[in-house]
Amino acid sequence: MAEPRKPGPLVYSIAAHRGFADALVAGLVPRYREPGFGLARLTLLVPSSRAARTLSEAFIRHAGASGEGGLLMPRMIAIGDLDLDEKLGAALDPLGAADIPPACDPLARWLTLDRLIAEERAAEGMEPLPGRARLNLAREMARTMDRLLVEEKAPEDLWADPVLDQLGNLADHWKRAIRLFARVNARWQSELAEQGRVDAATRRNLLFDRAARRWREAPPPHPIVAAGVTSAAPALARLLKVVAQLPEGAVVLPDLDLAMDDAAWAELGLAGASEEPGGPVFAPGDALSHPQYHLKLLLNRMGVNRAEVQPWHRRGIGAAEPSRSRAISALFLPPQASRAWIDLGADRRRLAGVRLLVSATIEEEAQAIAMLVRQALEQPEQRIVVVTANRALARRVAQHLERWNIAADDSAGRPLALTPAGRLFGLLTEIAANGPAPSNLVAAFSHPLVRGHDSDARRVWLAGARAFDRCLRGPSPAPGIAPLGKAAAKAGIDDWWNEASGLLGPLLDWPRDIALADALTLLADAAEGFAQTLVWEREDGRALGTMIEELREQAAGAGTMIETADLAGILRDCMEAVAVRPGYGGHPRVAIYGLLEARMARADLVICGGLNEGSWPQPPAADALLAPAILRALGVPGAEFRIGLAAHDLAGAMGAPEVVLSRSLRDAEGPTLPSRFVLRVEALLGDDLGKEHRERAIPALLPQIDRLRAPAPEYPRPAPDPLPAVRDVPIKVTALDRLLGDPYQFYAQAILDLRQLQPLAADPFSDPALRGTLVHDVLDKWHRAKASDPGLALAPFAAAHFERERVHPLFRALWQPRLIAALERFERWIADDATEKGRTVLATEISGEMVFDGVTVMGRADRIDRLADGTLGIVDYKTGAPPAKKQVTSGYALQLGLLGLIAQAGRFANDKTGQVVTGTPTRFEYWSLGKAKKDDGFGYQETPVKEGNAKTGLLQDDYLNFHADRLAEAIRLFIKGSKPFIARENPDYKGYNEYDQLMRLEEWAIRLTEPEAKS
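Definitions and cut-offs
- Throughout, residues of each chain are indexed from 1 in the direction in which the sequence is written.
- Residue-level local features of this predicted model are given only where pLDDT is at least 70; pairs of side-chain atoms are given and counted only at 80 or more, and the full residue set underlies all totals for whole chains, interfaces and linings.
- Heavy atoms from the whole structure form the basis of all side-chain values; hydrogens and water molecules are not counted.
- Secondary structure elements follow DSSP: runs of H or I no shorter than four residues count as helices, runs of E no shorter than two count as strands, and numbering proceeds from the N terminus.
- In this treatment the radius of gyration is a C-alpha quantity, and the globule benchmark scales as 2.2 Å times the residue count to the 0.38 power.
- Areas reported here follow the Shrake-Rupley algorithm with a probe of radius 1.4 Å; residue values treat only the protein chains shown as occluding.
- Counting rule applied: Lys, Arg positive; Asp, Glu negative; His and chain ends not counted.
- Taken as the charge location is NZ of Lys, CZ of Arg, CG of Asp or CD of Glu.
- In this analysis, axes come from line fits to C-alpha atoms, helices being fitted only over the stretch in contact, and the angle between any two N-to-C directions falls in the range 0 to 180 degrees.
- Angles below 35 degrees are treated as roughly parallel, those above 145 as roughly antiparallel, those between 65 and 115 as roughly perpendicular, and all remaining angles as oblique.
- Here, residues are in contact when the closest pair of their heavy atoms is within 4.5 Å.
- Each residue is assigned to one class: nonpolar for Ala, Val, Leu, Ile, Met, Phe, Trp, Tyr, Cys and Pro, charged for Asp, Glu, Lys and Arg, and polar for all the others, Gly among them.
- Here a polar contact is taken to be a pair of N or O atoms separated by no more than 3.5 Å, where protein atoms must pair a possible hydrogen donor with a possible acceptor and residues adjacent in sequence count only if both atoms sit in side chains.
- We call Phe, Tyr and Trp rings a pair once their centres come within 6.5 Å, taking the six-membered ring for Trp, and we label the pair stacked below 30 degrees between planes, edge-to-face above 60, and tilted otherwise.
- Two thresholds decide whether a charge sits over a ring: the Lys NZ or Arg CZ must be within 6 Å of the ring centre and within 35 degrees of the ring normal.
- When accessible area is computed with a 1.4 Å probe and restricted to protein chains, residues below 20% of their type maximum are described as buried, those above 50% as exposed, and intermediate ones as partly exposed.
- Only when DSSP finds a minimum of two bridges between them are two strands counted as paired.
- How far a helix is expected to stretch is found by multiplying one less than its residue total by 1.5 Å.
- Any residue with relative accessible area above 30% and no salt bridge may belong to a patch, with like charges joined within 9 Å and the nonpolar Val, Leu, Ile, Met, Phe, Trp and Tyr side chains within 5 Å.
- Here, a salt bridge means any side-chain nitrogen of Lys or Arg that lies within 4 Å of a carboxyl oxygen of Asp or Glu.
- The handedness criterion is simple: a crossing whose near helix is rotated anticlockwise from the far helix by less than a right angle is left-handed, and one whose near helix is rotated clockwise is right-handed.
- What the arc measures is the spread of directions leading from the helix axis to the C-beta atoms.
- Disulfides are defined as cysteine sulfur pairs within 2.5 Å.

Caption draft 1: Seen up close, the overall build of the protein. Check the secondary structure of the protein and you find 38 helices and 24 strands. What you see for the protein is a C-alpha radius of gyration of 39 Å, clearly larger than the 31 Å of a compact globule of 1015 residues, by over 25%. Considering only C-alpha atoms, the protein reaches an extent of 125 × 80 × 60 Å along its principal axes. Here the protein displays about 47200 Å² of accessible surface, and carbon together with sulfur accounts for 52% of that area. Distance between charge centres in the protein, computed from 122 positive and 132 negative side chains, equals 2 Å.

Right, here's the structure in full:
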């Protein structure tokens, strides 16, 4: 039975070193246990359902340690945390509370605020906000409303004298934000009153007051204990005051510092207690970021003096030494009181059992933490907890632990948007909002859930998806579904594309504005089309289905319309707010917690990871609508209040027997700053003691975690020497340059048949071949069309061709005008040559080949003209600058001359028309579409032959012989010979570089420039 209570409020504090959950249970069991009933008559008020689970585990540990077969546990009622979207327990929110209006749905409020914001901005003559920005503003307004409602501030308080006195000191944007918020808030409260509803925070306050009134008027016959509740909301503080004064009631606080002297306690600030009647309850100098501030605020609102709080003398199973709490108290002293560090002895600075671990990178930190966990598991029954606010670090730690088959679930969960179901839904939303971009399409088609219900069906599906992916590599096609269908046809996957395009059908051609409810229905149906019911089956799918159903219901009731372009961002924001937590089944002695989940938890080893500024503590999110001065005038704590909560979380975690404080010097975004809490630990310890507290064993073992391998030998300069039969391959006229300039590239391309895999949906401007392909295609088709329509103009023909081919709009906007300007100049030259020189176009885009020294030489001529004397002219179109004459004479631009050799010694033929072209070429020309050097227009001609006043180049009589000699040399050395295909043999060759990675150029090229070792 309970002991006789002392007069006055009964408030306890469990010191950090005692371990809150286990120490609480150790004291509750002997105090409130009854024969035959156990603890069933005891009611515990706990802060959240997570806290209830933590205490349940503590009761089980206590029963096991005491050798009991079972224990009737107390009833636990969650106070409900609005930040965690948790509701009050049934005992505080019973069905009989008919006198209290029901709460409105949070989603309905959010969507209604979206409408009210749009209407109020329109009434103020302000420009309308985009849909996503407006909904984000509505979300911020909802948070601010809850913040004020929890503090019991009414809408009219925004126009009270203290607030109006501050308005004159604010910038105009703050005034506009406050005015908009006040008008929207007033209209929202009016609509709620018409519906007979209240906000969830208001209902929570009313229920607290109702319970406090009932218990004060008729105290319950059974004990009630509030354990671990630290929220300082006024209504909750009044309820806790009543609980503390009940005949069989008590309030147990975590980590209230009873050792702090009165001067340091006063230095924390007003904390809700004004110095004079009607005066401010928060001052600019309040230490909001101190870990004890929110507890002082709670005590002040309860009307309890710190001297009335009694220490809890029971210890938990995993308690540390009492000196730990004294050191933590000294560690977090306010600035003025911190001067006492000067006189602190080494015994109060040492923080025995606390180690500091600093890693170079976040990846190294995760690996080090995993090793600490693995090492601690070697000790039987030892429990390990990793606490971090950095979700990326938590995921890395869990992945590293898997190498030892240690399943450590991250109980804080991960955002729905990062789960498999959330990713698929997000990809489909992107397609609906922004069109079928290749990157999103390929990601959606290859998603693990698509056709995942049947392994055989998925295998067939993935074969088509991979072929589609490969065909889309290269410059991004034009928007729309038609170019994608052409790509699928080119890949030979027509049947697959018919099925895939059917799945995409519901996501295409959406209107500019759409009802959010209709959009969600279409997206849900599309998700089922892609993955069937598999998309809803796991915990992430269930969370996604719940989110869609609730949002769709409320959006239909509110009639919410959104712009289709904003849909992806809006739903991504919604999914980011939903945390998906894993099911049970992880390692029984290892847990990974976020800061909220770690409260009240205790283990033998606690590893606090990610102790960097921006992570722990996270930067305080300033209120976007109410300036700090306005919040102080209203009597609401500022944004720094959250830093104090993070500090209190760290103080509680540091009470474990063994603690490791870990941080990394760099994270994924760059260099980091150490947490202010770590800096205080280092300052308290000092240089000498700090060295003793450094974790050294794990950093020393870290480089040895993987098997040491001997240093790799220096990679030699590649010089493959294939067998003669392998060497005997045809030579393309465009490949002879490679063969002589960089033989390895020829080897990789012509012998190994390797091609560079282009990026998916690459920038169209990054590939000059795209321009060349378009120009060659236009000119070829124009010449063919002129045969039946001699007066056909090139410019409109080219424009129609670009339109028909659905070239990327940005490419057309920037390149089409200059290409057409150059083509018009080409058209004039062709007409002038025909009239003045008797030169006619004989063939375009025609393939040819010859056999030279027993080797087949192949090529395609852009254009072949018949000159007046019956000889041939070879024309090569260039979208950029043509090769310089020096490149030709060096043997690195041989295409044009080889085409002349084919015309002379072989033949060109068109298989479709039967046309055959042979003859002696006497004219060689480059026609460039680039900017002319002598004028401002586009398009010019050059010849590699030395003529007129030219000082460089090959003479006409020597031109073909020069190319024949170079071709014979290449065949003799490489095709019929045995010379190795040496990488980058000729440094002057300015060719392509797509094979540099294959030849591992950077590993050996640097050695070519090193001076030879002296003998």
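Caption draft 2: Region of interest: the packing of helix α15 (residues 420-434) against helix α22 (residues 539-558). Where α15 contacts α22, the axes come no closer than 7 Å and their chain directions differ by 45°. It follows from the interaxial angle that α15 and α22 lie oblique. Of α22, the residues touching α15 (which contributes Pro 420, Ala 421 and Phe 425) are Asp 540, Gly 541, Leu 544 and Ile 548. Of the residues that constitute the contact of α15 with α22, the class distribution is five nonpolar, one polar and one charged.

Caption draft 3: Region of interest: the side chain of His 693. Among the structural elements, His 693 can be located in the loop between α27 (676-692) and α28 (697-701). Separated by 2.6 Å, the side chain of His 693 and the backbone oxygen of Val 354 make a polar contact. Contact partners of His 693, with chain neighbours within four places excluded, come to Arg 350, Leu 351, Ala 352, Val 354, Arg 355, Leu 356 and Leu 685.

Caption draft 4: Local environment of the packing of aromatic side chains. All told, the structure shown has 22 aromatic pairs when counted by the stated rule. Where Tyr 293 meets Phe 641, the ring centres are 6.4 Å apart and the plane angle is 80°; that geometry is what we call edge-to-face. Linking Tyr 293 in helix α10 (residues 293-302) with Phe 641 in helix α26 (residues 641-653), this pair joins segments that are 348 residues apart in sequence. One cation-aromatic arrangement involves Arg 41 over Phe 37; the distance from NZ or CZ to the ring centre is 3.7 Å. In this structure, Lys 931 is placed above the aromatic ring of Phe 938, and the distance from its NZ or CZ to the ring centre is 5.4 Å.

Caption draft 5: Molecular detail of the side chain of Arg 602. Following the sequence through the fold, Arg 602 ends up in the loop between α24 (595-598) and β14 (605-609). At 3.2 Å, the side chain of Arg 602 forms a polar contact with the backbone oxygen of Gly 655. Filtering out sequence-adjacent residues up to four positions away, Arg 602 remains in contact with Ala 16, His 17, Arg 18, Gly 19, Asp 22, Gly 318, Arg 383, Gly 652, Gly 655 and Ala 656.

Caption draft 6: Expanded view of the pairing of strand β23 (residues 921-931). Counting buried positions along β23 gives eight out of 11 residues, so the element sits mostly inside the fold. Relative to β23, strand β20 (residues 872-878) is paired through seven bridges, and the arrangement is parallel. Along β23, the bridge assignment pairs Lys 878 with Ser 928. Where β23 and strand β24 (residues 938-942) come together, four bridges link them in antiparallel fashion. Bridged to Trp 927 within β24 is Gln 941. Hairpin remark: β23 followed by β24, antiparallel, with six residues in the connecting loop.

Caption draft 7: Looking closely at the sheet that holds strand β4 (residues 224-227). The strand order across the open sheet built from six strands is β3-β2-β4-β5-β1-β6, with neighbouring strands paired in parallel fashion. This sheet does not close on itself; its edge strands, each paired only once, are β3 (75-78) and β6 (310-311). Here strand β1 (residues 11-14) pairs with β6 via two bridges, running parallel. Bridging from a neighbouring strand, Ser 13 pairs with Pro 311 of β6. Strands β1, β2 (43-46), β4 and β5 (249-254) of the sheet are contacted by helix α8 (residues 234-245), whose axis makes an angle of about 125° with β5.

Caption draft 8: A look at helix α1 (residues 20-32). For α1, with 13 residues, the first-to-last C-alpha span of 18 Å sits near the 18 Å given by 1.5 Å per residue. Burial analysis of α1 places 12 of its 13 residues in the buried class, which makes it a mostly covered element. Buried within α1 we find Phe 20, Ala 21, Asp 22, Ala 23, Leu 24, Val 25, Ala 26, Gly 27, Leu 28, Val 29, Arg 31 and Tyr 32.

Caption draft 9: Expanded view of the environment of Asp 566. Following the sequence through the fold, Asp 566 ends up in the loop between β11 (561-563) and α23 (567-576). The exposure class assigned to Asp 566 is buried, which follows from its relative accessible area of 14%. Through-space distance from the C-alpha of Asp 566 to that of Tyr 995 is 42 Å; in sequence the pair is 429 residues apart. When residues no more than four places from it in sequence are discounted, the contact partners of Asp 566 are Pro 130, Gly 131 and Arg 132.

Caption draft 10: Representation of the environment of Ile 698. Inspection of the secondary structure assignment puts Ile 698 in helix α28. Relative accessible area serves as the criterion here: at 1%, Ile 698 is assigned to the buried category.

Caption draft 11: Seen up close, the pairing of strand β19 (residues 855-866). Here two bridges tie strand β17 (residues 731-732) to β19, and the two strands are oriented parallel to one another. Looking across to β19, one finds that Ile 731 is bridged to Val 857. Bridge count for strand β18 (residues 840-852) against β19 is 11 bridges, and the pairing is antiparallel. Bridge pairing in β19 places Ile 846 opposite Ala 861. The turn joining β18 and β19, which pair antiparallel and follow one another in sequence, is formed by two residues; a positive phi near 50° is taken by Asp 853. Hairpin connection, β19 to β20: the antiparallel pair is bridged by five residues, and Gly 870 has positive phi, about 90°.

Caption draft 12: Layout of a nonpolar patch on the surface. Residues Leu 752, Leu 754 and Leu 998 make up a contiguous nonpolar surface patch of roughly 220 Å² in combined accessible area. Structurally, Leu 752 can be placed in the loop between α31 (743-751) and α32 (768-786). Here Leu 752 falls in the partly exposed class, since its relative accessible area comes to 38%.

Caption draft 13: How the structure looks around the packing of helix α4 (residues 131-150) against α23. In contact at an axis separation of 8 Å, α4 and α23 are set at 25° when each is read in the N-to-C sense. Classed by the angle they form, the pair α4 and α23 counts as roughly parallel. The way α4 lies across α23 gives a crossing that is right-handed. Judged by residue contacts, Gly 131, Arg 132, Leu 135, Asn 136 and Arg 139 of α4 engage Gly 569, Ile 570, Arg 572, Asp 573 and Cys 574 from α23. Looking at the contact of α4 with α23 residue by residue, the class counts come to three nonpolar, three polar and four charged.

Caption draft 14: How the structure looks around the pattern of salt bridges. Counted under the stated rule, the structure contains 57 salt bridges. Among the salt bridges present, the one from Asp 199 reaches Arg 109, with a minimum N-O distance of 3.1 Å. Placement of the pair is Asp 199 in the loop between α6 (172-195) and α7 (200-217) and Arg 109 in helix α3 (residues 106-123), with a sequence separation of 90 residues. Across the pair, Arg 109 and Asp 199 agree in class, each one buried.

Caption draft 15: Representation of unusual backbone geometry. With an omega of 5°, the peptide bond between Trp 616 and Pro 617 qualifies as cis. Structurally, Pro 617 can be placed in the loop between β14 and α25 (628-634). Non-glycine residue Glu 152 carries a positive phi angle of around 60°. Counting through the fold element by element, Glu 152 comes out in the loop between α4 and α5 (161-167). Overall, Glu 152 belongs to the partly exposed group, its relative accessible area being 35%.

Caption draft 16: Examining helix α33 (residues 794-804) more closely. When we look at burial in α33, the residues that qualify are Leu 794, Ala 795, Phe 797, Ala 798, His 801 and Phe 802. Down the axis of α33, the smallest arc covering the buried residues is 165°, so these residues share one side.

Caption draft 17: Summary view of the environment of Ala 491. Relative to the helices and strands, Ala 491 resides in helix α18 (residues 482-491). Accessibility expressed as a relative area gives 29% for Ala 491, which makes it partly exposed. C-alpha of Ala 491 to C-alpha of Asp 753: the two residues are 262 residues apart in sequence and 19 Å apart in space.

Caption draft 18: Up close: the state of the cysteines. For the coordinates displayed, the defined rule picks out zero disulfides. Looking at Cys 574, it has no disulfide partner, and the nearest cysteine sulfur is the one in Cys 104, 17 Å off.

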